[in-house]
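The lines below spell out each chain.
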Amino acid sequence: MKILAIADEESAYLWDYFEKSKLAGIDLIISCGDLDPRYLSFLATFTSVPILYVHGNHDEKYRQIPPDGCICIDDKIYVHQGVRILGLGGSMRYRPGEFQYTERQMKGRIRKLWFQLFRHRGFDILVTHAPAYQLNDGLDLPHQGFQAFRDLLDKYKPKYFLHGHVHMSYGRKHKRYDTYQETQVINAFERCEIDYE
């Protein structure tokens, strides 16, 4: 299964210079947040594959302009072709606004998922906006990751962890790919293709 992961910055390759052939062979599109909802709607008009998304900390506009033809997986386990995908959007709380959480609030969200996690026997892909604590996160509070995500990786050992929020264009050298124990960690900034075997 080929997955297109996107986040944070609309790809000119896909939006400004779009050709339908660029999505050929893609089986699933996953947005890790902070993208224009019209960009997701645009992609949805050119493909029949599911487009899943979690909210980023700048996605308040999704309340007024939800991305048409896309599926929000915040606080859910979505199963696609047998692959279990858990979504947890938002960032560390650093100002008033939606889709921002304290560490305690994020742990509370995860606790509410206990039955889904039990019923599905865990998950294969963790999709978030923010990174995990000290795993490709930033040093400042807005870009600090969640310890709760590390706890999920420790307990369930998913195959992939997809996140956004820390732009590859930031001064600190954020990695596109990393590994944490048995999990491949991928920063989905702009766009990235993944072959899920």
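All of these numbers come straight from a predicted model, not from anything done at the bench.

Caption draft 1: Representation of the overall build of the protein. Along the protein, the regular secondary structure elements total 5 helices and 13 strands. Against the compact-globule benchmark of 16 Å for 197 residues, the protein has a radius of gyration of 16 Å, which places it among compact chains. Along the three orthogonal principal directions, the C-alpha set of the protein runs to about 45 × 35 × 35 Å. Residue burial in the protein is summarised as follows: out of 197 residues, 56% are buried. A sequence separation of at least 24 residues applies to 65% of the contacts in the protein between residues at least 6 apart. Looking at the protein as shown, the accessible area adds up to about 9,300 Å², and 50% of this sits on carbon and sulfur atoms. With 26 positive and 26 negative side-chain charges, the protein shows a separation of 6 Å between the mean positions of the two kinds.

Caption draft 2: Fine view of the environment of Val 185. For Val 185, the position within the fold is in strand β12 (residues 183–187). Assessed through its relative accessible area of 2%, Val 185 is described here as buried. Taking the C-alpha atoms as reference points, Val 185 and Leu 162, separated by 23 residues in sequence, lie 6.1 Å from one another. Every residue in contact with Val 185, bar those within four places of it in the chain, is listed here: Leu 135, Phe 161, His 163, Arg 176, Tyr 177, Asp 178, Thr 179 and Tyr 180.

Caption draft 3: Summary view of the packing of aromatic side chains. In this structure the tally under the stated criterion is 9 aromatic pairs. Relative to Phe 42, the ring of Trp 15 lies with its centre 6.4 Å away and its plane at 45°, an arrangement referred to as tilted. Separated by 27 residues along the polypeptide, Trp 15 in helix α1 (residues 12–15) and Phe 42 in helix α2 (residues 37–45) bring together distant segments of the chain. Here Trp 15 falls in the partly exposed class, since its relative accessible area comes to 28%. Among the aromatic residues, those joined into a cluster by ring pairs are Trp 15, Tyr 39, Phe 42 and Phe 46. When the ring centre of Tyr 101 is taken as origin, the NZ or CZ atom of Arg 109, which lies over that ring, is 4.3 Å away.

Caption draft 4: The arrangement of the sheet that holds strand β10 (residues 160–163) in detail. Strand order across the open sheet formed by 6 strands is β5-β6-β9-β10-β12-β11, with mixed pairing between neighbours. This sheet does not close on itself; its edge strands, each paired only once, are β5 (76–80) and β11 (177–180). Geometrically, the sheet is characterised by an average inter-axis angle of 25° between neighbouring strands, direction not taken into account. In this structure, β10 lies alongside β12, joined through 4 bridges in parallel fashion. Each residue of the ladder has a partner; that of Leu 162, found in β12, is Ile 186. Where helix α5 (residues 147–156) meets the sheet, it contacts β6 (83–88), β9 (125–128), β10, β11 and β12, and its direction lies at approximately 175° from that of β9.

Caption draft 5: How the structure looks around the sheet that holds strand β3 (residues 51–53). Across the sheet, 5 strands lie side by side as β4-β3-β2-β1-β13; this open sheet has mixed pairing. With one partner strand each, in any of the chains shown, β4 (71–72) and β13 (190–195) form the two edges of the open sheet. Examined bridge by bridge, β3 and β4 share 2 bridges and lie parallel to one another. Its bridge partner lying in β4, Tyr 53 is registered against Cys 72. In the packing of α2 onto the sheet, contacts are made with β1 (2–7), β2 (28–31) and β3, and the angle to β3 comes to roughly 160°.

Caption draft 6: Focus on unusual backbone geometry. The residue Gln 81 is not glycine, and still its phi comes out positive at about 50°. Along the chain, Gln 81 falls in the loop between β5 and β6. Residue Gln 81 is classed as exposed on the basis of its relative accessible area, which comes to 61%. At Glu 190, a position not held by glycine, the phi torsion is positive, near 65°.

Caption draft 7: Representation of the pattern of salt bridges in the model. Going through the model one piece at a time under the given rule, you end up with 8 salt bridges. Residues Lys 175 and Asp 178 are paired through a salt bridge, measuring 3.6 Å at the closest nitrogen-oxygen approach. Residue Lys 175 is classed as partly exposed on the basis of its relative accessible area of 45%. Look at the salt bridges and you will find they share partners, linking Asp 74, Asp 75 and Arg 109 into a network.

Criteria and cut-off values
As a convention, each chain's residues are numbered from 1 in the sequence order in which they are written. Reporting in this predicted model follows two pLDDT cut-offs: at least 70 for local features of residues, and 80 or more for side-chain atom pairs to be given and counted; totals over whole chains, interfaces and linings ignore these cut-offs and use all residues. Remark: hydrogens and water are excluded; side-chain values derive from all non-hydrogen atoms of the structure. Note on conventions: DSSP H or I runs of at least 4 residues are helices, E runs of at least 2 residues are strands, and numbering of each starts at the N terminus. For the radius of gyration, the atoms used are the C-alpha atoms, and the globule rule reads 2.2 Å times the number of residues raised to 0.38. The cut-offs for exposure are 20% and 50% of the maximum accessible area for each residue type, with area from a 1.4 Å probe on protein chains only; residues under the lower value are buried, those over the upper are exposed, and the others partly exposed. Pairs of residues are marked as contacts when any of their non-hydrogen atoms sit within 4.5 Å. Computed with a 1.4 Å probe, the accessible areas rest on the Shrake-Rupley method; for each residue, only the protein chains presented here act as cover. In this charge count, Lys and Arg are treated as positive and Asp and Glu as negative; neither His nor the chain ends contribute. Charge positions come from single atoms, namely NZ of Lys, CZ of Arg, CG of Asp or CD of Glu. When the centres of two rings from Phe, Tyr and Trp lie within 6.5 Å, Trp using its six-membered ring, the rings pair. Their planes under 30 degrees apart give stacked, over 60 give edge-to-face, and anything left gives tilted. Distance and angle both matter: a charge sits over a ring if NZ of Lys or CZ of Arg is within 6 Å of the ring centre and within 35 degrees of the ring normal. Only when DSSP finds a minimum of two bridges between them are two strands counted as paired. Interaxial angle, 0 to 180 degrees, is taken between N-to-C directions of lines fitted to C-alpha atoms, where a helix line uses only the stretch in contact. The salt bridge criterion pairs a side-chain nitrogen of Lys or Arg with a carboxyl oxygen of Asp or Glu, the two atoms within 4 Å.

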